[in-house]
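Structure at a glance
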Amino acid sequence: MSLPPLSLYVHIPWCVRKCPYCDFNSHAAPEQLPEDAYVQALMDDLDSELPLIQGRPLQSIFIGGGTPSLFSAQAIGQILQGVAARTPFADDIEITLEANPGTFELARFEGFKAAGVNRLSIGIQSFNAEHLQRLGRIHNPVEALAAARAAVDIFPRVNLDLMHGLPEQTPAQALADLQQALEINPGHLSWYQLTIEPNTEFHARPPSLPLDEALWDIQEQGQTLLEQAGYRQYEISAYARPAQQARHNLNYWQFGDYIGIGAGAHGKLSRYEGEQLVIERRHKLRQPKGYFDPTLRLAGQEIITADERPFEFMLNALRLTDGVTAELFSARTGLPLENIAPLLQQARQRGLLVQEPNRLAPTLQGRLFLNDLLELFLD
């Protein structure tokens, strides 16, 4: 009985300012970031999680936010050294840091690499000055280009984050953004449509977004550009050159395990009690001030019941273009595939799931109507 691969997510919750579309756990940074105190709190948090991971090595680490690149390279190095002192690393571990072009400095990027970061994910969102301003971003196109180009020169693995369907954006402008990103030639692109999320400024005061017909044109033409440039869509909004897929995110989508440390971080951990697989979710207090108090840090924990596991598994696995092997369902949920056989048959009859019995993967129709496909597994 083997357990899933294990990853670590580290949340750094501060930003220069909150963007109007952002629903992540991010907070305006104080004048002086409490780097030392927060690094110590992260290590204490990790110490509390160690008994649950049973000595498994970390396959990947993702430092997200917020804007983690607000932290100094020294602080990022202290985090990674502290983690390495507490749990083993896989030989080919992927260590990702999210960065904002508005905080770009060449020496800072070089410092992050020296600290152990081997993959940088940059939140570009657009190369258009007007659209950046509407999105509330603190960088301009010149800074975006400089940061992206420096990242590709410095790091072996780079992701550029790019959005389309922005307020007042035309298809030509959206495709120009994508073309600019392709010219920089990163190994990975996250290219996705802006969505209006609850509890955001855009939700309270909705901007004027492109019509559905324009959004469809952007998606179709953008897919063609990406394919011609050698990028393959392997997940709903993720495109990669060969061997450049995000290993950390793949572990999420394949229903792997992950520790979550930091304010608002979430984790999912599996363990065996006898021959029974137990899967638990844990989440930490969202407010940074309260997170420093160890008695408040763990905000909640819950067992994923056997009834909930099929939907939880499919919610992740069916985001992948190629899906997953049928065997992975039992390995990650502890349930026999026969439990959901009628639902799989129904999905295949509706043309939403491929007809291969050894693979759980959406058809093109299934990807276009993913919510309809997932609803089958809510039963």
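Scroll up to find the structure.
Note that the structure is predicted; figures quoted are calculated from it, not measured. (Residues numbered from 1 in each chain as written. Predicted model: local features only at pLDDT ≥ 70, side-chain atom pairs only at ≥ 80, totals over all residues. Heavy atoms only, no water.)

1. Thoughts on the overall build of the protein
When helices and strands are counted, the protein shows 15 helices and 16 strands. For a compact globule of 379 residues, the expected C-alpha radius of gyration is about 21 Å, and the protein comes in at 21 Å, within 12% of that figure. Burial statistics for the protein: of 379 residues in total, 53% are counted as buried. Contacts in the protein between residues far apart in sequence, at least 24 positions, make up 71% of those at least 6 positions apart. Accessible surface, the protein: about 17000 Å² in total, of which carbon and sulfur atoms supply 50%. Charge centroids of the protein, computed over 30 positive and 45 negative side chains, lie 2 Å from each other. (Helix = DSSP H or I, 4+ residues; strand = E, 2+ residues; numbered from the N terminus. Rg over C-alpha atoms; globule rule 2.2 N^0.38 Å. Buried < 20%, exposed > 50% of the residue type's maximum accessible area, 1.4 Å probe, protein only. Contact = heavy atoms within 4.5 Å. Areas by Shrake-Rupley, 256 points an atom, 1.4 Å probe, with all protein chains shown as cover. Lys, Arg positive; Asp, Glu negative; His and termini not counted. Charge placed at Lys NZ, Arg CZ, Asp CG, Glu CD.)

2. Notes on the pairing of strand E8 (residues 188-193)
Pairing geometry for strand E7 (residues 157-164) and E8, over 6 bridges, is parallel. Its bridge partner being in E8, asparagine 159 is matched across the sheet by histidine 188. Traced from E7 through helix H6 (residues 171-184) to E8, the parallel crossover comes out right-handed. One ladder, built from 3 bridges, connects E8 with strand E10 (residues 238-240); its direction is antiparallel. Residue pairing for E10: serine 190 is matched across the bridge by alanine 238. (Pairing = 2+ DSSP bridges. Right-handed = clockwise from strand over helix to strand, strands pointing away.)

3. Some details on the nonpolar core
It is characteristic of soluble globular proteins that their nonpolar side chains tend to be buried jointly. Residues Ile61, Phe71, Ile76, Ile79, Phe109, Leu160 and Ile259 are the most contacted members of the largest nonpolar core, which totals 61 residues. Considering each element in turn, this core owes the most residues, 7 residues, to helix H5 (residues 141-154). In this structure, Ala246, Ala317, Ala326 and Phe377 belong to the second largest nonpolar core, which totals 32 residues. (Core = buried A, V, L, I, M, F, W, Y, C linked by side-chain atoms within 4.5 Å.)

4. Looking at the pattern of salt bridges
Per the counting criterion, the structure on display carries 18 salt bridges. Residue arginine 282 is joined to glutamate 49 by a salt bridge in which the shortest nitrogen-to-oxygen separation is 3.1 Å. One end of the pair, arginine 282, is in strand E13 (residues 276-284); the other, glutamate 49, is in helix H1 (residues 35-49), with 233 residues separating them in the sequence. Each member of the pair, arginine 282 as well as glutamate 49, carries the same accessibility label: buried. Here arginine 282 ties to glutamate 280 by a salt bridge, and the two come within 3.8 Å at their closest N and O atoms. Accessibility assignment for this pair places arginine 282 and glutamate 280 in one class, buried. (Salt bridge = Lys/Arg side-chain N within 4 Å of Asp/Glu carboxyl O.)

5. Some remarks on helix H3 (residues 106-115)
Turning to H3, its buried residues number three or more, namely Phe109, Gly111 and Phe112. Down the axis of H3, the sector holding all buried residues measures 160°, keeping them to one side. The exposed set on the far side of H3, more than 90 degrees from its buried face, consists of Ala107 and Ala114. Where H3 is buried, its residues meet helix H2 (73-86), strand E5 (89-99), strand E6 (119-125) and H5. (Arc of directions from axis to C-beta.)

6. A word on the environment of leucine 189
Looking at the secondary structure, you find leucine 189 in strand E8. Counting along the chain gives 42 residues from leucine 189 to tyrosine 231, while the straight-line C-alpha distance between them is 8.3 Å. Apart from the residues lying within four places of it in its own chain, the contact partners of leucine 189 are Asn159, Leu160, Leu178, Ala181, Leu182, Leu226, Tyr231, Ser237, Ala238 and Tyr239.

7. Quick notes on the state of the cysteines
The full count for this structure, using the stated rule, is 0 disulfides. Not part of a disulfide, cysteine 15 finds its nearest cysteine sulfur in cysteine 22, a span of 6.3 Å. Assessed through its relative accessible area of 10%, cysteine 15 is described here as buried. Cysteine cysteine 19 is unpaired, with the sulfur of cysteine 22 as its nearest cysteine sulfur at 6.3 Å. (Disulfide = S-S within 2.5 Å.)

8. Quick word on a nonpolar patch on the surface
Among the surface-exposed residues, Trp216, Leu364, Leu368 and Phe369 lie close enough to one another that they form a single nonpolar patch of about 430 Å² accessible area. In this fold, phenylalanine 369 is placed in the loop between helix H14 (364-368) and helix H15 (370-375). (Patch = residues over 30% accessible without salt bridge, like charges linked within 9 Å, V, L, I, M, F, W, Y side chains within 5 Å.)

9. Description of the packing of helix H11 (residues 309-317) against helix H12 (residues 326-333)
Interaxial distance between H11 and H12 falls to 11 Å at its minimum, and their mutual angle equals 125°. Between H11 and H12, the angle falls in the class oblique. In this structure, the crossing between H11 and H12 has a hand that is right-handed. For the pair H11 and H12, the contacting residues are Arg309, Pro310, Phe313 and Met314 in the first and Leu328, Phe329, Arg332 and Thr333 in the second. In terms of residue class, the contact of H11 with H12 is built from 5 nonpolar, 1 polar and 2 charged. (Axes fitted to C-alpha atoms, helices over the stretch in contact; angles between N-to-C directions. Parallel < 35°, antiparallel > 145°, perpendicular 65-115°, else oblique. Left-handed = near helix turned anticlockwise from the far one by under 90°. Nonpolar A, V, L, I, M, F, W, Y, C, P; charged D, E, K, R; others polar.)

10. Comments concerning the layout of surface pockets
Rolled over the atoms, a probe sized like a water molecule indicates the empty space that remains. Space inside the second largest pocket adds up to approximately 160 Å³. Listed by contribution, the elements that provide at least two residues to the lining of the second largest pocket are strand E4 (58-65) and helix H9 (247-253). By residue number, the principal contributor to the lining of the second largest pocket is H9, which donates 3 residues. Counted by class, the lining of the second largest pocket contains 2 nonpolar, 5 polar and 3 charged residues. (1 Å grid on protein atoms, 1.4 Å probe; cavity = no way out; pocket = protein on both sides within 12 Å on 5 of 7 lines; lining within 4 Å. Points joined across faces, edges and corners; volume = space filled by probe spheres on them.)

11. Brief notes about the environment of glutamine 179
Looking at the element boundaries, glutamine 179 is found in helix H6. In the structure, glutamine 179 is positioned 46 residues away from leucine 225 in sequence and 7.7 Å away in space, judged by C-alpha atoms.

12. Some words on the packing of H6 against helix H8 (residues 212-228)
At a minimum axis distance of 9 Å, the contact between H6 and H8 shows a crossing angle of 25°. Comparing the axis directions of H6 and H8 gives the class roughly parallel. Of the two elements, H6 crosses H8, and the hand of that crossing is right-handed. Facing H6, whose interface residues are Pro171, Ala174, Leu175, Leu178, Gln179 and Leu182, H8 presents Ala214, Ile218, Gln221, Gly222, Leu225 and Leu226. Its residues assigned to classes, the contact of H6 with H8 shows 9 nonpolar, 3 polar and no charged.

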